[in-house]
Amino acid sequence: MSLHLIELHDHAISIRAPDHTLLARSPGFANIAGGAPVYGDAARQRARLHPREHFTQFWTQLNLDPLPVKHRQIRHAADLAHGHLAALTQPLQFPDGAIIGVPGTYNRNQLAVLLGIVRQLSFDAVGLVDLALLQAAASPANECVILDLQLHQAVLSRFRRVDGHLAREQVVAVPFAGLLALQEAWTGLITDEFILQSRFDPLHTAETDQYVYDRLDQWIATLLDQDKALLEINMKGTVHQAWLTRAQLEQRAQAVYARIAAELAALRGPDTVLHVRANQLYLPGLAQSFPGLVALDDDAAMAACLQHIDFIRRPPDKLQFITRLPLANAAPSVPPPQLRRPTHVLFNHSALPLPAGRIMFGAAPADVQSTRVVPLPPESGIDGGIALVRNTRGLQLEVHTNAPVSVNGVPAQQNQMLALGDLMRIGEAAELRLILVEQGT
């Protein structure tokens, strides 16, 4: 049996083979400025150059309503979705059909439109399942919420293990809280800083606007590795520069995250685990805004699909939208210890909270900015110190001293990741241990 999985999350439509190989991946963009429609990354590269002919909502809307722009081939969102899916699937072979992982927000009419699109393509749909349900199946928790940041909205899906099934209980869409809202916030910040620091407006021309849009992911990646970066735009031989910090990105995203948090509060109990796809965990400020956020592997949906294939698979003419899965073992499961993250560091008999940033123990170098600085005992005679940096990847160690530093009795490595329970020593006089302080204690 060679069933494939098509994952319809519009920030990156993905197709996976049974061996988990990623066969295709394409963001949900379409552009018709050149006459013939282009999709995915090719369309993204025209987004700012031809904004009126650029479309990003066709997977979210998936309807037959006329588009505002006339085109001889493209009449409505369904035509764009058909063209995008055809471009992805045409080079591939699906001898046994494909399972389609669908957003939980799709209503009955949208599911019907989707199946109509598939019938015009060269493969059979042999399963229709809530994509978030497949992701939730990878969670060890009894209750979980899947956070999916789509292009135009965030979707919160709550699941519970009950009566021998993993069942979907609620789906909430949060409009204006998706990836494009974050991108607009960050490009707005970058524009503000270029105007402030170099008197240059990147939005003045479509070309520089597109340049900022294209470089955004790279600039974000740089700022995930360092606190501050110098951004450059070359405009007709003149180089314009502006400094940007990770903290600024995190702060500018807070309005978007606040909209999600307001809806999440009604869905999340004290034992509910919040999950996000691993490829979205990097987003600046996301982990700090949602304490306890746990990433799921990007291929978790494929693994769950294969595990439950006999339940999900149906004849093409008898498809059902699957929103619950049987559990092989209905006994409650407990999240493994590695999901527990340190919240405090024990130092000199005091539990100090780990900030969303850098906490420095000892003297900080002049070029290192810290949220908090904790001096070492004067009698230690240590120059410099160490820093604990909490970022979207976890907790990271920085060494800023020539004194010996160890983690659990082993010489420390620069930028190594730390975990709950780790014991750090600086020379002979300073000792720190990472601990977790439970709520209400």
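This one's a predicted model, so the numbers in the text were calculated from it and none came from an experiment.

Participant: Quick one: what's the story with unusual backbone geometry, residue by residue and with numbers?
Facilitator: Not every positive phi belongs to a glycine, and Phe176 is a case in point at roughly 60°. One non-glycine residue, Arg199, lies in the positive phi region at around 55°. Mapped onto the elements of the fold, Arg199 is located in the loop between helix 6 (179-198) and helix 7 (206-225). Arg199 sits in the exposed class, given a relative accessible area of 81%.

Participant: Summarise the sheet that holds strand 19 (residues 350-353); cite the residues concerned and give the values.
Facilitator: Consider a sheet: its strands pair through backbone hydrogen bonds, and that pairing is either parallel or antiparallel. Taken in spatial order, the six strands line up as 19-18-28-27-24-25 in an open sheet, and their pairing is antiparallel. The two strands at the open ends of the sheet, each matched to only one other strand, are strand 19 and strand 25 (410-411). In this structure, strand 18 (residues 344-347) lies alongside strand 19, joined through four bridges in antiparallel fashion. Bridging across to strand 19, Val345 finds its partner in Leu352.

Participant: Summarise the state of the cysteines; cite the residues concerned and give the values.
Facilitator: What the rule picks out here adds up to zero disulfides. Here Cys144 stays free of any disulfide, with the sulfur of Cys305 as its closest cysteine sulfur at 17 Å. By relative accessible area, which is 2% here, Cys144 ends up buried. Note on Cys305: relative accessible area 1%, which makes it buried.

Participant: An account of the packing of aromatic side chains is requested, with residue identities and associated values reported.
Facilitator: Per the counting criterion, the structure on display carries six aromatic pairs. When the centroid spacing of 6.3 Å and the interplanar angle of 80° are considered together, the rings of Phe194 and Phe200 count as edge-to-face. Accessibility assignment for this pair places Phe194 and Phe200 in one class, buried. Pairing Tyr211 with Trp219 gives two aromatic rings, centres 6.4 Å apart and planes at 70°, and the pair type is edge-to-face. Here Arg48 stacks its cationic end above the ring of Tyr213, 4.3 Å away from the centre of that ring. Stacked on the ring of Trp243, the Lys or Arg Lys228 has its end atom at 5.0 Å from the ring centre.

Participant: Lay out the packing of helix 3 (residues 77-89) against helix 4 (residues 108-119) with the relevant residues and their values.
Facilitator: The contact between helix 3 and helix 4 brings their axes to 10 Å, and the two run at 45°. By the angle class used here, helix 3 and helix 4 are oblique. The chirality of how helix 3 crosses helix 4 is right-handed. When helix 3 is examined against helix 4, the residues Ala78, Ala81, His82 and Leu85 are found in contact with a partner set consisting of Val113, Ile117 and Val118.

Participant: Could you give me a rundown of the environment of His9, with the residues and numbers involved?
Facilitator: Residue placement: His9 occurs in the loop between strand 1 (4-7) and strand 2 (13-16). Linking His9 and Leu151, residues 142 residues apart in sequence, is a C-alpha distance of 8.8 Å. His9 has contacts with Ser14, Leu131, Asp148 and Arg277, leaving out every residue within four places of it along the chain.

Participant: Pulling in residues and values, what's your account of the nonpolar core?
Facilitator: Within the largest apolar cluster, 41 residues are counted, with the highest numbers of intra-cluster contacts made by Trp186, Tyr257, Ile260 and Leu286. Those residues in contact with Tyr257 that lie beyond four places of it in its chain are Leu182, Trp186, Leu283, Pro284, Gly285, Leu286, Ser289 and Phe290. Membership of the second largest hydrophobic core comes to 38 residues, among which are Phe58, Ala77, Leu80 and Leu114.

Participant: Let's hear about helix 4: which residues, and what values?
Facilitator: Between its terminal C-alpha atoms helix 4 stretches 17 Å, which fits the 16 Å expected from twelve residues at 1.5 Å a residue. On its buried face, helix 4 sits against helix 2 (58-61), helix 3, strand 7 (98-102), strand 8 (125-130) and strand 16 (321-322). For helix 4, the N-terminal cap is Asn107; the gap from its side-chain oxygen to the backbone nitrogen of Asn109 is 3.1 Å.

Participant: Got a sec to walk through helix 6? Specific residues and values, please.
Facilitator: Under the 1.5 Å per step criterion, the end-to-end length of helix 6 is 28 Å for 20 residues, consistent within 8% with the ideal 28 Å. Residues of helix 6 that are buried: Leu179, Leu180, Leu182, Gln183, Ala185, Trp186, Thr187, Leu189, Ile190, Thr191, Glu193 and Phe194. Phi for Arg199, located one or two positions after helix 6, is positive at around 55°.

What counts as what
- Residues numbered from 1 in each chain as written.
- Predicted model: local features only at pLDDT ≥ 70, side-chain atom pairs only at ≥ 80, totals over all residues.
- Heavy atoms only, no water.
- Helix = DSSP H or I, 4+ residues; strand = E, 2+ residues; numbered from the N terminus.
- Buried < 20%, exposed > 50% of the residue type's maximum accessible area, 1.4 Å probe, protein only.
- Pairing = 2+ DSSP bridges.
- Disulfide = S-S within 2.5 Å.
- Phe/Tyr/Trp six-rings, centres within 6.5 Å; stacked < 30°, edge-to-face > 60°.
- Lys NZ or Arg CZ within 6 Å of the ring centre and 35° of its normal.
- Axes fitted to C-alpha atoms, helices over the stretch in contact; angles between N-to-C directions.
- Parallel < 35°, antiparallel > 145°, perpendicular 65-115°, else oblique.
- Left-handed = near helix turned anticlockwise from the far one by under 90°.
- Contact = heavy atoms within 4.5 Å.
- Core = buried A, V, L, I, M, F, W, Y, C linked by side-chain atoms within 4.5 Å.
- Expected span 1.5 Å × (residues − 1).
- Polar contact = N/O pair within 3.5 Å; in protein donor to acceptor, adjacent residues only side chain to side chain.

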